[in-house]
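Close look at the chain arrangement
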Amino acid sequence: MTPGLAAGLRRWGVPLVWLGLLLLASLGMAELEAVFRWLEPDSREVIYRRTEFLTLLGRHLLVVGVASLLAIVAGVGAAVLVTRPFGRDFLPLVAQFASMGQTFPPVAVLALAVPVLGFGTLPIIVALLLYGLLPIVRNSLAGLQGIDPAVHEAARGMGMSRGQVLRQVELPLAAPVILAGVRTSVTINIATAALGATVGASNLGDPIISGIVNGNTAYIVQGALLIGLLALTVDSAFERLLGWRRIRFR
Amino acid sequence: MRRDAPRPNRVLPLLMLVALAAWLGLVAVSVAPNRIVPGTGFRAHEVVGWAGALGACLPPLAVAVLAWHPSPARLRHALVLIVLLLMALPAWLGLAATRLVDPELPQARLGLGSAFWVLLFLLLLALIELRSRLALSRLVGWVLLVPVLLAWWLALASWLEPLALLQEYRARSDQFATAVWHHLALVGAAVGASLVIGVALALLMRPHAGLQRAGFGVLNFLQTIPSLALFGLLLAPLAWLGANVEWLAALGVRGIGWAPALLALIGYSLLPMVRNTFVALEGVDPAVIESARGMGMSRRQVFLQVRLPLALPVILEGVRITTVQAIGLTAVAALIGAGGLGGFIFQGLGQAAMDLVLLGALPILVMALVADALLGALSERLHPGGAR
């Protein structure tokens, strides 16, 4: 094994293990039929078969991924705009709203989105996007405003243009704080997307909801297991990413 | 331009222009003959005619103009206008109800359109903006909402009879009271229990570095697992306990119900509670502790009279985070039969009755905001040296 690969494996070992377990569980759930039969001896069916687990996982990832990507672009973009000279007027309002919006419970936001946007996958994406924006905006603002003005001035004094200062100084320095916000946002989104199963979006929340409705504990455990593994995979990946950032920019 | 002319405030004019576009362009209210049939949407000018709809644009335009040449006096005028506009919203709904809803049909109902929500949101943003520009305290901000709430209360009590939200409430006012009570009881029990356990854990972990790593590892792990999954995973073991342990069954522990909900809520609440307590106790300046010891205080006295009071605001910050989080999570707990306001949300989603969803979601939102404001104010007050 080359040293680079070994170092990479050491760094990404934990997320890779979780990812492996996640894939294994979504592909081989049927192999565990005996366990689920023991859990739920009276039900006719003990493995959720309405949709493949891998398909559900894919849909879950798609919804969270699209919403998170858009939220990152819009959130970091908004934070950059309101910290530029021409956007400063909007800074107090955006900062106050981003910190106040954190108190809105995700379920309530999701529920309020349905009357306005309707049932289905698109409303979920919009709701997740809007809600996921708040931690990203708040952390991006904190990161960008936390930079020592002297650093900014030194970069300008070296003859860098405003755009260069933003790209080569401000954003890299703020990156760890921004990434922490992205992590919060994605973690909340994975959980909230599962609730999307109650508003007509099909994803890993489906087996849980179906299990609760039909009183089938085996379904619930299957859905919960996969969502839990997905959350742990993503969260541990972010932890590695943050640890690595911290070392690089210390 | 005069030398002392202040820079124009561009935020308020932008908010007001978007508000006007929403007012003229989006559906303001919808009317349905009964609960099942989807409503017909009406724009503002379809209710009061173009003259009325355009006339209503004058106050927001005035706010925009006042803000373009801001001075404290002008911004105060703008603030008054915004509060008046917020008070006018229920009156506007009442007007729409008398014009559109047939009094012969007792089942007919008035729904809130997207224009209404956008307007409410933008007006509240304008209120926040003005409050921060005028450097008004939080308290004044809340006081400003009192006339608005009074206007709403008056409208709901007298002429908003056909409002769909109100009709849903009327149909289940007893259930609503029980749900609010259950919700608050679950949140209170979870926060109370996690406060006791959390402080105990933090004190236990303080002297042992190994225990700290392990403890925070477990709590972080718990916090990562989505609520729906954790509620689900707790169903099976608790159902087993309820079926096999007699005294637990007598207490009402079953797979479905308050037991798994409370357990999961406490599990989630522990991380912010332990972390804040820990940080708070560690954050006390060692020099202060040393001088207290030097004054001849015993360890116990130092802890109770110096460390704890100094740490209290940060611990309360943990209580605030935990409470707000628990209010939201309790809504999810309704899915496993724990009761509470989440029940209305999921019932409403199941029946595609959006006003029932609102009946659950709006109080949860209000509860979270009020809890956040109250506990935030309390922790500010407890800061050494009083309110900041």
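Residues numbered from 1 in each chain as written. Chains lettered and ligands numbered in written order. Predicted model: local features only at pLDDT ≥ 70, side-chain atom pairs only at ≥ 80, totals over all residues. Heavy atoms only, no water.

Within an unreviewed UniProt entry, the label attached to chain B reads ABC transporter permease, and the organism entered is Halomonas heilongjiangensis. Under the UniProt heading Sequence similarities (unreviewed entry), the entry covering chain B gives this text: "Belongs to the binding-protein-dependent transport system permease family." (UniProt positions renumbered as here; feature names shortened; annotations may be inferred.)

The secondary structure content of chain A amounts to 10 helices and 0 strands. Viewed in the frame of its principal axes, chain A has a C-alpha envelope of about 75 × 55 × 20 Å. Contacts spanning at least 24 positions in sequence make up 75% of the contacts within chain A whose residues lie at least 6 apart. Put simply, chain A shows about 11,700 Å² of open surface, and 66% of that area lies on carbon and sulfur atoms. For chain A, the centre of its 19 positive side-chain charges and the centre of its 13 negative side-chain charges are spaced 11 Å apart. (Helix = DSSP H or I, 4+ residues; strand = E, 2+ residues; numbered from the N terminus. Contact = heavy atoms within 4.5 Å. Areas by Shrake-Rupley, 256 points an atom, 1.4 Å probe, with all protein chains shown as cover. Lys, Arg positive; Asp, Glu negative; His and termini not counted. Charge placed at Lys NZ, Arg CZ, Asp CG, Glu CD.)

Below, the discussion takes up unusual backbone geometry. At B:A135, a position not held by glycine, the phi torsion is positive, near 55°. Note that B:A135 resides in the loop between α5 (114-133) and α6 (138-158).

So, about the interface of chain B and chain A. Listed by partner, the interface residues are 45 residues for chain B and 41 residues for chain A. Interface area for chain B against chain A, summed over the two sides, is near 3,700 Å², with a carbon-plus-sulfur share of 82%. When residues of chain B are sorted by the area they lose upon contact with chain A, B:T224, B:L228 and B:L349 head the list and together hold 15% of the total. Taken together, the links from chain B to chain A amount to 1 salt bridge. A salt bridge links B:R10 to A:D89; the shortest N-O distance between them is 3.1 Å. Connecting chain B to chain A are 3 residue pairs in polar contact (both at pLDDT 80 or more). Put simply, the parts of the chain that give the side of chain B that touches chain A at least two residues each are α1 (11-25), α5, α9 (209-224), α10 (227-244), α14 (299-333), α15 (342-351) and α16 (354-381) of chain B. A total of 10 residues in the side of chain B that touches chain A trace back to one element, the largest contributor, which is α16(B). Across the side of chain B that touches chain A, the residue classes tally to 34 nonpolar, 5 polar and 6 charged. (Buried area = accessible area lost by both parts, 1.4 Å probe. Salt bridge = Lys/Arg side-chain N within 4 Å of Asp/Glu carboxyl O. Polar contact = N/O pair within 3.5 Å; in protein donor to acceptor, adjacent residues only side chain to side chain. Nonpolar A, V, L, I, M, F, W, Y, C, P; charged D, E, K, R; others polar.)

With that settled, consider the nonpolar core. Residue and element names in this part refer to chain B. Within the largest apolar cluster, 185 residues are counted, with the highest numbers of intra-cluster contacts made by L15 and I82. In this structure, this core is formed jointly by two domains, domain 1 (11-165) and domain 2 (173-381), each of which donates at least three residues. Contact partners of I82, with chain neighbours within four places excluded, come to M16, V63, L123, A126, L127 and L130. Listed in part, the 6 residues of the second largest apolar core include A292, M297, V302 and V306. (Core = buried A, V, L, I, M, F, W, Y, C linked by side-chain atoms within 4.5 Å. Buried < 20%, exposed > 50% of the residue type's maximum accessible area, 1.4 Å probe, protein only. Domains from an automatic or database assignment.)

Here we come to the environment of B:I327. All names here are of chain B. Its place among the elements puts I327 in helix α14. A relative accessible area of 4% places I327 in the buried class. C-alpha of I327 to C-alpha of H183: the two residues are 144 residues apart in sequence and 7.5 Å apart in space. If sequence neighbours within four positions are ignored, I327 has contacts with H183, V187, I364, M367, A368 and A371.

Evaluation of the coordinates by the stated rule reveals 11 aromatic pairs over all chains. Considering the side-chain rings of A:Y48 and A:F53, the 6.2 Å spacing of their centres and the 40° angle between planes classify their relative orientation as tilted. Judged by its relative accessible area of 4%, A:Y48 falls in the buried class. Relative to B:W117, the ring of B:F116 lies with its centre 5.2 Å away and its plane at 80°, an arrangement referred to as edge-to-face. With a relative accessible area of 23%, B:W117 lands in the partly exposed category. The structure contains a cluster of three or more aromatic residues connected by ring pairs, namely A:Y48, A:F53 and A:Y219. (Phe/Tyr/Trp six-rings, centres within 6.5 Å; stacked < 30°, edge-to-face > 60°.)

Time to look at the domain arrangement of chain B. All names here are of chain B. For chain B, the assigned domains read domain 1 (11-165) and domain 2 (173-381). Here domain 1 and domain 2 have C-alpha centroids that lie 36 Å from each other. Counting across the interface, domain 1 meets domain 2 through 0 salt bridges. For the pair domain 1 and domain 2, the number of links is 0 residue pairs in polar contact (both at pLDDT 80 or more). Of all the secondary structure elements, the ones that give two or more residues to the side of domain 1 that touches domain 2 are α6 and α7 (164-171). Residues of the side of domain 1 that touches domain 2, tallied by class, amount to 4 nonpolar, no polar and 2 charged.

Moving on to helix α13 (residues 286-294) of chain B. Its side-chain oxygen at 3.1 Å from the backbone nitrogen of B:A287, B:D285 defines the N-terminal cap of α13(B). Where α13(B) terminates, the next one or two residues include B:G296, which has phi positive at roughly 95°.

Residue and element names in this part refer to chain B. For E168, the position within the fold is in helix α7. Classification of E168 by relative accessible area gives buried; the value is 2%. Apart from residues lying up to four places away in sequence, E168 is in contact with R35, R109, D355, L356 and L359.

Either a parallel or an antiparallel arrangement is found when strands of a sheet pair, and the pairing is made through backbone hydrogen bonds. All names here are of chain B. Read across the open sheet, the 3 strands follow the order β2-β1-β3; overall the sheet is antiparallel. In this open sheet, the two edge strands, each paired with only one partner strand, are β2 (40-43) and β3 (109-112). Direction aside, the axes of adjacent strands within the sheet are offset by 30° on average. The strands touched by α5 within the sheet are β1 (27-32) and β3, with β1 carrying the most contacts at an inclination of about 140°. (Pairing = 2+ DSSP bridges. Axes fitted to C-alpha atoms, helices over the stretch in contact; angles between N-to-C directions.)

Let us look at α14(B). Given a rise of 1.5 Å per residue, 35 residues ought to cover 51 Å, yet the end C-alpha atoms of α14(B) are separated by just 43 Å, more than 12% below that figure. Within α14(B), the axis deviates most sharply at B:L312, by approximately 50°, and proline B:P313 lies no more than four positions further along. (Expected span 1.5 Å × (residues − 1). Bend = angle between axes of the 7 residues up to and from the residue.)

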